[in-house]
Amino acid sequence: MTLRFSKMHGLGNDFMVIDGVRQSVTLSPELIQQWGDRHFGIGFDQLLLVEQSTQAGVDFRYRIFNCDGDEVEQCGNGARCFARFVRDQGLTDKDEITVETAKGIIYPKLEADGNVTVNMGVPRFAPEEIPFEAPNEALIDPLIVGERVVDISVVSMGNPHAVQVVDSVVTAPVAEQGPLIENHPRFPARVNAGFMEIVSRIEIRLRVFERGAGETLACGTGACAAVVAGIRRGLLDERVLVHTRGGDLTIAWAGSGQPVFMTGPAVTVFSGELAA
Ligand SMILES: N[C@@H](CCC[C@H](N)C(=O)O)C(=O)O
């Protein structure tokens, strides 16, 4: 039996995308690790599995797996690639799609210029919603990381993020602090660690050490979380251009209780099939 898949990316954050609507797919953490290996497999940061929705009135469900094999709740660059995939594969003819994720419904929209805008939902900050061990919700939490104390802002975009402001993304200690923050005991479900350089009130640079994948060239939910954290800290305006190592995203957030909107590209690199 063969399994058809597409290799896609959003700003270099790359995905293996599988149509689980027309194919039957059985996954295991070991298989995902094997396929995700960049030398012995296909190579990707995340695997995306497109399925039929379990809810009436919702177009699809999509599931997200980090390359370490763990299933996670949300993926911003993946959401844009999901939307491009279902259109290009003829699974829908809609431009505005509703899709169920492990943490609620999100709304991708295919734009006329080829970009995809996604309503990523309302960010959450309560420690139990991250999850983060803290006595109460705060804009900034000091976190002991190795020998240092780092000021982080915690944000859930469905998945957990810890964002810190740095002087420069070039010199930011991403490789040193990333794994320590990811696996910090105050984050019982681990966390994605963001390093944000403020360029102006409408522009930032961002690197993210992702939970379960290491540093990626871009992280969509990380960009949403960083902009939300920057707006709440009074550092940014409502619409921000985010420079990642793989390219640019536009993030917009009107403030408390409002959803975050993310706009950026989604690219298919190739389609293939493997013996399953
Ligand atoms: N690359 C993603 C996020 C993927 C999941 C993340 N590593 C997690 O474990 O929460 C994005 O573009 O948002």
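Residues numbered from 1 in each chain as written. Predicted model: local features only at pLDDT ≥ 70, side-chain atom pairs only at ≥ 80, totals over all residues. Heavy atoms only, no water.

- In the annotation of an unreviewed UniProt entry, the entry for the protein reads Diaminopimelate epimerase, and the organism field reads Chitinilyticum piscinae.
- UniProt, in its Sequence similarities (unreviewed entry) section for the protein, records the words "Belongs to the diaminopimelate epimerase family."
- UniProt, in its Catalytic activity (unreviewed entry) section for the protein, records the words "(2S,6S)-2,6-diaminopimelate = meso-2,6-diaminopimelate". (UniProt positions renumbered as here; feature names shortened; annotations may be inferred.)

**Points about the site of the ligand**
And then number 1: In the region of the ligand, 15 residues are neighbours, and Asn13, Gly76, Glu210, Gly220 and Thr221 sit closest.
And then number 2: Contact between the ligand and Asn13: a nitrogen atom at 2.7 Å from a side-chain N or O atom of the residue.
And then number 3: The contact in question runs from an oxygen atom of the ligand to an N or O atom on the backbone of Gly76, over 2.7 Å.
And then number 4: Protein contacts shield 100% of the accessible area of the ligand, which totals 360 Å² for the unbound molecule.
And then number 5: Those elements that provide at least two residues to the shell around the ligand are α2 (76–88) and α4 (220–232).
And then number 6: Per-class residue counts for the shell around the ligand are three nonpolar, ten polar and two charged. (Near = heavy atom within 4 Å. Polar contact = N/O pair within 3.5 Å; in protein donor to acceptor, adjacent residues only side chain to side chain. Areas by Shrake-Rupley, 256 points an atom, 1.4 Å probe, with all protein chains shown as cover. Helix = DSSP H or I, 4+ residues; strand = E, 2+ residues; numbered from the N terminus. Nonpolar A, V, L, I, M, F, W, Y, C, P; charged D, E, K, R; others polar.)

**Quick look at the pairing of strand β1 (residues 2–10)**
And then number 1: Bridge count between β1 and strand β18 (residues 267–275): eight bridges; the pairing is antiparallel. Paired with Phe5 across the strands is Gly272, a residue of β18.
And then number 2: Pairing analysis gives six bridges linking β1 to strand β2 (residues 13–19), with the strands arranged antiparallel. Paired with Ser6 across the two strands is Val17, which belongs to β2. (Pairing = 2+ DSSP bridges.)

**Brief notes about the side chain of Asn77**
And then number 1: Mapped onto the elements of the fold, Asn77 is located in helix α2.
And then number 2: Taking relative accessible area as the criterion, Asn77 reaches 0% and is therefore assigned buried.
And then number 3: Within the structure, Asn77 has its side chain in polar contact with the side chain of Asn13 (distance 2.9 Å).
And then number 4: Separated by 2.8 Å, the side chains of Asn77 and Arg80 make a polar contact.
And then number 5: If we ignore the near neighbours within four places in the chain, the residues touching Asn77 are Gly10, Asn13, Phe15, Ala218, Cys219, Gly220 and Leu249. (Buried < 20%, exposed > 50% of the residue type's maximum accessible area, 1.4 Å probe, protein only. Contact = heavy atoms within 4.5 Å.)

**What about the packing of aromatic side chains?**
And then number 1: Using the criterion set out here, one finds five aromatic pairs in the structure.
And then number 2: On the numbers, 6.1 Å between centres and 80° between planes, the contact of Phe5 with Phe270 is edge-to-face. One end of the pair, Phe5, is in strand β1; the other, Phe270, is in strand β18, with 265 residues separating them in the sequence.
And then number 3: Three or more aromatic residues link up through ring pairs in this structure, and these residues are Phe60, Tyr62 and Phe82.
And then number 4: Against the face of Phe125 rests Arg232, its NZ or CZ located 3.5 Å from the ring centre. (Phe/Tyr/Trp six-rings, centres within 6.5 Å; stacked < 30°, edge-to-face > 60°. Lys NZ or Arg CZ within 6 Å of the ring centre and 35° of its normal.)

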